[in-house]
Amino acid sequence: MARLYDSRKRILITGGAGFLGSHLSDRLLEQGHEVICVDNLFTGSKRNIDHLHNNPLFEFMRHDVTFPLYIEVDEIYNLACPASPVHYQHDPVQTTKTSVHGAINMLGLAKRLNCKIFQASTSEVYGDPSVHPQPEAYWGNVNPIGIRSCYDEGKRCAETLFFDYYRQHNLQIKVARIFNTYCPRMHHADGRVVSNFIVQALRGEPITVFGEGAQTRSFCYADDLVEGFIRLMETADDVTGPVNLGNPAEFTILELAQKVIELTGSRSEIVYEEMPQDDPKQRQPDISLAKSVLGWSPKIELEQGINRTIAYFRELLPELKSG
């Protein structure tokens, strides 16, 4: 049974039409809250929130967070920013503006309203890490002028802004560093490895692995991640984060490709291409802090989550429905 708050809150989610934002909307609405979903639909999709439009507690607003927003709410979840390499490299200047100007605008709103604000940061703040697994105390190894820097450094600057507002204005902040996440409602062409592999496998296309596929990632299903978001938001005011949220089970990219082929029953072959610039060699969260402070750890195993995501893409892509 979903937990209910003592009173209904009016909650703003920026990036609310993205795959994470839409799942967070679902969960908060189940708890009886009002949800204001703000998105400019650059990477978000109305399809992700179509099922919510008849809910009287849900409201969609098309807006770009790089511009100020004047609204009355009780809490803010700031998720707005393209998060896949294909999308954030398409317009890198806008990506940085979304992270930095968006943070300034949302922090300014939270300051005016004196309300709690959550920042969806990222494991990309660790760059290509020299410490493994990555704890929150690690400062990272980030290239400030590379093709991924618009996202990495934008998110790092956003964290700086959040903590400066906390110190200077005593604002209630919650910062989560999100590791690789997947689930239904991902964009089929967003360049993320899970969606790429599943779509390629379902279409019978070669599965593209960069390098030798020895680089590692840790994959967290969105339901688990959203639970972590809400638990962090519910903590005492002196718990600011950053807190790593991700699944510590580590897999090589090649292992993931083989698992997707197995679960889809595909005849796709694996092909190898040159590694992209600054692609991290290892990525695994140390979630000790999340366990101790939030009582949180992921529950959904990779195979279970991949099967759910495969079913979603079979239904989504018309050419796959008969395949």
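Quick caveat, the model's predicted, so the values are computed rather than measured. (Residues numbered from 1 in each chain as written. Predicted model: local features only at pLDDT ≥ 70, side-chain atom pairs only at ≥ 80, totals over all residues. Heavy atoms only, no water.)

J.: Hey, could you run me through the packing of helix α5 (residues 193–202) against helix α9 (residues 302–316) in this one?
T.: For any two helices packed against each other, the geometry is given by the interaxial angle and the distance between the axes. Between α5 and α9, the shortest axis-to-axis distance is 10 Å and the interhelical angle comes to 55°. Comparing their axes, α9 and α5 come out oblique. Relative to α9, α5 is oriented so that their crossing is right-handed. For the pair formed by α5 and α9, the contact residues are Val194, Ser195, Ile198, Val199 and Leu202 on the first element and Ile306, Thr309, Ile310, Phe313 and Arg314 on the second. (Axes fitted to C-alpha atoms, helices over the stretch in contact; angles between N-to-C directions. Helix = DSSP H or I, 4+ residues; strand = E, 2+ residues; numbered from the N terminus. Parallel < 35°, antiparallel > 145°, perpendicular 65-115°, else oblique. Left-handed = near helix turned anticlockwise from the far one by under 90°. Contact = heavy atoms within 4.5 Å.)

J.: What is the right way to look at the sheet that holds strand β11 (residues 243–245) in this model?
T.: Strands pair in a sheet through their backbones, by hydrogen bonds, and they do so in one of two ways: parallel or antiparallel. Sheet architecture is open: seven strands sit in the order β3-β2-β1-β4-β5-β6-β11, paired in parallel fashion. The open sheet has two edge strands with one neighbour each: β3 (58–62) and β11. Shown here is a sheet whose adjacent strand axes are inclined to one another by a mean of 20°, direction ignored. Inspection of the sheet shows strand β1 (residues 10–14) paired to strand β4 (residues 75–78) by four bridges, in the parallel sense. Within β4, the residue paired with Ile11 across the bridge is Glu75. (Pairing = 2+ DSSP bridges.)

J.: I would appreciate a short explanation of unusual backbone geometry in the present structure.
T.: Glycine aside, residues mostly have negative phi angles, and peptide bonds mostly take the trans form. Backbone torsion omega between His132 and Pro133 reads -10°, so that peptide bond is classified as cis. Positionally, Pro133 belongs in the loop between β5 (116–122) and α4 (149–169). Cis peptide bonds are those with omega within 30 degrees of zero, and the linkage from Gly241 to Pro242 qualifies with 0°. Tracing the backbone through its elements, the reader meets Pro242 in the loop between α6 (222–233) and β11. Phi is positive for Asn114, close to 55°, though the residue is something other than glycine. Tracing the backbone through its elements, the reader meets Asn114 in the loop between α3 (92–113) and β5. In this structure, Asn170 takes a positive phi of about 60° despite not being glycine. Within the secondary structure, Asn170 sits in the loop between α4 and β6 (173–178). Asn170 sits in the exposed class, given a relative accessible area of 62%. (Buried < 20%, exposed > 50% of the residue type's maximum accessible area, 1.4 Å probe, protein only.)

Note that every value here comes from positions in space, so none of it alone points to a role or purpose.
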